[in-house]
Amino acid sequence: MKQYIVIGCGRFGSSVATTMHLLGHQVMAIDKSEEIVQNIVDKVTHAAIVDVTDELALRSIGLGNFDVAIIAIGSDIRASIMATLIAKEMGVSQIVCKAKDELQAKVLYKIGADRVVFPERDMGVRVAHNLVSDNILDHIELDPEYSIVETVTPKSWVGKTLIELDLRAKYEISILAIKNGKSINVTPHPTEQLKEGSILVLIGQSSNISSITSENKDIIRRK
């Protein structure tokens, strides 16, 4: 099992650390704030008060022994850069960093980050899509061209199988999962017929998904 360390436990870092621990992973959380560490200590495997810019302190907790480091520092750019550099030098296999803008992300990639996420921006995109699109239940932008979208089954698809719809060939999209009430099918069979009111989780080019979900304006009702 992989060992995770979350460096910086503000709102985003705490959410990542506690969620991963609930999912059964070994997670260590560190932050320079004693109050923050006290608030999270019972929600992760280990927690410690550490200055993330202090290389000796990070070595003392065995940073190099972790498989994945999530550096959840956005506002303090210096601390974010230092923690990323130290994690890279200590041989952490995968480094995921939080950034506030593209410039910070570019610097983090150059010094060793394997992935950079933009929690505030991504959440803003999701909220905007949900507010302006009555036909979309949820939206996650993977990059400028591709998205994952949750939507009600279009009327024209009801009663048809995935084979009949042939979505990959016609629209270059795929159905990741089908939700019927509390039941979720993450491996839908090609012969499965789609039902009225089912929730589909689609992945594909954003423009193609938009053309499909536009059919749903009359059937979506927000809850």
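Look up: the structure comes first, before these words.
As the structure is a prediction and not an experimental result, all values here were calculated from the model.

Chemist: Can you explain helix H1 (residues 11–22)? Please cite residues and give values.
Modeler: A rise of 1.5 Å per residue sets the reference length of H1, with its 12 residues, at 16 Å; its end C-alpha atoms lie 16 Å apart and thus fit the reference within 8%. Of the surrounding secondary structure, the elements contacted by the buried residues of H1 are strand E1 (3–7), strand E2 (26–31), helix H2 (34–40) and strand E4 (68–71). Looking one or two places after H1, you find Gly-24, whose phi comes out positive at around 100°.

Chemist: Residues and numbers for the environment of Ile-70, please.
Modeler: Summarising the element assignment, Ile-70 is placed in strand E4. Apart from the residues lying within four places of it in its own chain, the contact partners of Ile-70 are Tyr-4, Ile-5, Val-6, Ile-7, Val-16, Met-20 and Val-96.

Chemist: So, unusual backbone geometry: which residues are in play, and what are the values?
Modeler: Its identity is not glycine, yet Asp-166 carries a phi of approximately 50°, on the positive side. One can find Asp-166 in the loop between helix H7 (162–165) and helix H8 (167–171). Exposure remark for Asp-166: the relative accessible area of 37% places this residue in the partly exposed category. Even without being glycine, Glu-172 reaches a positive phi, approximately 60°. Take Glu-172: it is sitting in the loop between H8 and strand E9 (173–180).

Reading guide: rules and limits
- Residues numbered from 1 in each chain as written.
- Predicted model: local features only at pLDDT ≥ 70, side-chain atom pairs only at ≥ 80, totals over all residues.
- Heavy atoms only, no water.
- Helix = DSSP H or I, 4+ residues; strand = E, 2+ residues; numbered from the N terminus.
- Expected span 1.5 Å × (residues − 1).
- Contact = heavy atoms within 4.5 Å.
- Buried < 20%, exposed > 50% of the residue type's maximum accessible area, 1.4 Å probe, protein only.

Fair warning: the whole summary comes from geometry, so function is off the table for now.
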